Amino acid sequence: MGSSSNGYSVFLLLFAVVVATASASNFYQDFDLTWGDNRAKIFNGGQLLSLSLDQTSGSGFQSKKEYLFGRIDMQLKLVAGNSAGTVTAYYLSSQGSTHDEIDFEFLGNLSGDPYILHTNVFTQGKGNREQQFYLWFDPTRNFHSYSIIWTARHIIFLVDNVPIRLFKNAESMGVPFPKNQPMRIYSSLWNADDWATRGGLVKTDWSKAPFTAYYRNFRANSSTPTSSFSDSTFQTQELDSYSRRRLRWVQKNFMIYNYCTDLKRFPQGVPPECKHSRFNL
């Protein structure tokens, strides 16, 4: 497959082929509405899903299937206007006190102020690997794609197919990595005004309720615990130089928090993967 210059294109093409093997996205078939009563809705023949939050309750859904490695894509249109105090979470997770988890969380803000995209990776019940970003667009005006690529070697977070974070397997350094527990896809819209916006200083304005987020174009590859996708190229493909430049562009211009540089939080020393940048970008 030649030089690294086309490596990432091949990588994405492989995922496109796998995704193409999945059945057409249909929220009725792929997800269960799990809480919030009628605040969670599926419509347009299963092509569109919405979650709403009011002063009584938020809402959420989860996938019917579990996944062990693969690529997950979802298009979201976030709560518009004054979304301060609200959190829209979209993530992969297993269950139990030693669960694994791969997180996107969108922290609302006052009208005109940017959303914060919060990412985290949990392994065996322990997280504390947060990176946060502003987005380079208004995520409330149109739908945008948010994707997770998960292999035994790394986790890549993407926004509109642009990599924003790479978390590599650093088990060789004693850092646990999520690779054994199948995970479901979850999403929820809920009130977190005790911490979500400016550390809890800005509260939810319930006069603006209900707050609503929309979902469409879910895609997942065919990897499940009983039929894992183990193609060696899929498992070993790395980001090429162009994709790494895009990743650095995002991190230079839009990253607003990185646990690896938070020395006050880790006075005894940052986590071991932070000492070797090739493991955690």
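You'll find the structure just up there.
What you see is a predicted model, and the numbers here were worked out from it, not measured in a lab. (Residues numbered from 1 in each chain as written. Predicted model: local features only at pLDDT ≥ 70, side-chain atom pairs only at ≥ 80, totals over all residues. Heavy atoms only, no water.)

Asks: Mind laying out the environment of Trp190, listing which residues take part and the relevant values?
Replies: In this fold, Trp190 is placed in strand E13 (residues 184–191). Along the sequence, Trp190 and Phe211 sit 21 residues apart, while their C-alpha atoms lie 9.4 Å from each other. Residue contacts for Trp190: discarding those within four places in its chain leaves Trp35, Leu53, Gly85, Thr86, Val87, Ala89, Glu105 and Trp195. (Helix = DSSP H or I, 4+ residues; strand = E, 2+ residues; numbered from the N terminus. Contact = heavy atoms within 4.5 Å.)

Asks: Give a description of the state of the cysteines that names residues and reports values.
Replies: One pass over the structure, following the stated rule, counts one disulfide. Residue pairing for Cys260: its cysteine sulfur links by disulfide to Cys274, the two sulfurs lying 1.9 Å apart. The disulfide joining Cys260 to Cys274 has a torsion of about -70 degrees about its S-S bond and is therefore left-handed. Linking Cys260 in the segment after strand E15 (255–258) with Cys274 in the segment after E15, this pair joins segments that are 14 residues apart in sequence. As far as the burial class goes, Cys260 and Cys274 line up, both buried. (Disulfide = S-S within 2.5 Å. Buried < 20%, exposed > 50% of the residue type's maximum accessible area, 1.4 Å probe, protein only.)

Asks: For the sheet that holds strand E10 (residues 144–150), give the residues involved together with the corresponding values.
Replies: Sheet strands line up and pair through hydrogen bonds in the backbone, either parallel or antiparallel. Spatial strand order, E2-E3-E14-E5-E10-E11-E12: seven strands in an open sheet with antiparallel pairing. The open sheet has two edge strands, strand E2 (40–43) and strand E12 (162–168), and neither has a second partner. Adjacent strand axes in the sheet meet at a mean angle of 20 degrees when their direction is disregarded. In this sheet, E12 lies alongside strand E11 (residues 154–159) in antiparallel orientation, the contact comprising six bridges. Each bridged residue has a counterpart across the sheet, and for Val159 the counterpart in E12 is Val162. (Pairing = 2+ DSSP bridges. Axes fitted to C-alpha atoms, helices over the stretch in contact; angles between N-to-C directions.)

Asks: I'd like a rundown of the pairing of E11, residues and numbers included.
Replies: Burial within E11 is extensive, with six of its six residues counted as buried. Neither face of E11 is exposed, since His154, Ile156 and Leu158 on one face and Ile155, Phe157 and Val159 on the opposite face are all buried. Note that E10 and E11 share five bridges and pair antiparallel. Across the sheet, residue Trp150 finds its bridge partner in E11, namely Ile155. Between E10 and the antiparallel strand that follows it, E11, lie three residues. Count of turn residues in the E11/E12 antiparallel hairpin: two residues, of which Asp160 carries a positive phi of about 50 degrees.

Asks: Explain the pattern of salt bridges to me, using residue names and the numbers behind them.
Replies: Taken as a whole and judged by the stated rule, the model has seven salt bridges. Of the charged contacts in the structure, one is a salt bridge between Arg265 and Glu130, with a shortest N-O distance of 2.7 Å. Placement of Arg265 in the segment after E15 and of Glu130 in the loop between strand E8 (116–122) and strand E9 (131–133) is noted, with a sequence separation of 135 residues between them. Arg265 sits in the partly exposed class, given a relative accessible area of 30%. When the shortest N-O distance is used, the salt bridge between Lys179 and Glu171 registers 3.0 Å. (Salt bridge = Lys/Arg side-chain N within 4 Å of Asp/Glu carboxyl O.)

Asks: Quick one: what's the story with the environment of Thr197, residue by residue and with numbers?
Replies: Looking at the element boundaries, Thr197 is found in the loop between E13 and strand E14 (211–220). Between the C-alpha atoms of Thr197 and Ala84, which are 113 residues apart in sequence, the distance is 5.8 Å. For Thr197, the residues in contact, after removing those within four places along its chain, are Ala84, Gly85, Gly108, Asn109 and Val202. Only 2.8 Å separates the side chain of Thr197 from the backbone nitrogen of Gly85, close enough to count as a polar contact. A polar side-chain atom of Thr197 sits 2.9 Å from the main-chain carbonyl oxygen of Gly108. (Polar contact = N/O pair within 3.5 Å; in protein donor to acceptor, adjacent residues only side chain to side chain.)

Asks: Account for the packing of aromatic side chains, with residues named and values stated.
Replies: All told, the structure shown has 18 aromatic pairs when counted by the stated rule. Where Phe61 meets Tyr215, the ring centres are 5.1 Å apart and the plane angle is 90 degrees; that geometry is what we call edge-to-face. Placement of the pair is Phe61 in strand E4 (residues 59–63) and Tyr215 in strand E14, with a sequence separation of 154 residues. Taking relative accessible area as the criterion, Phe61 reaches 1% and is therefore assigned buried. Each ring, one from Phe167 and one from Phe177, has its centre 6.2 Å from the other, and the planes form 5 degrees; the classification is stacked. Of this pair, Phe167 sits in strand E12 while Phe177 sits in the loop between E12 and E13, placing them ten residues apart in sequence. Here Phe177 falls in the buried class, since its relative accessible area comes to 4%. Members of the aromatic cluster, joined through ring pairs, are Phe27, Phe31, Phe61, Tyr215 and Phe218. (Phe/Tyr/Trp six-rings, centres within 6.5 Å; stacked < 30°, edge-to-face > 60°.)

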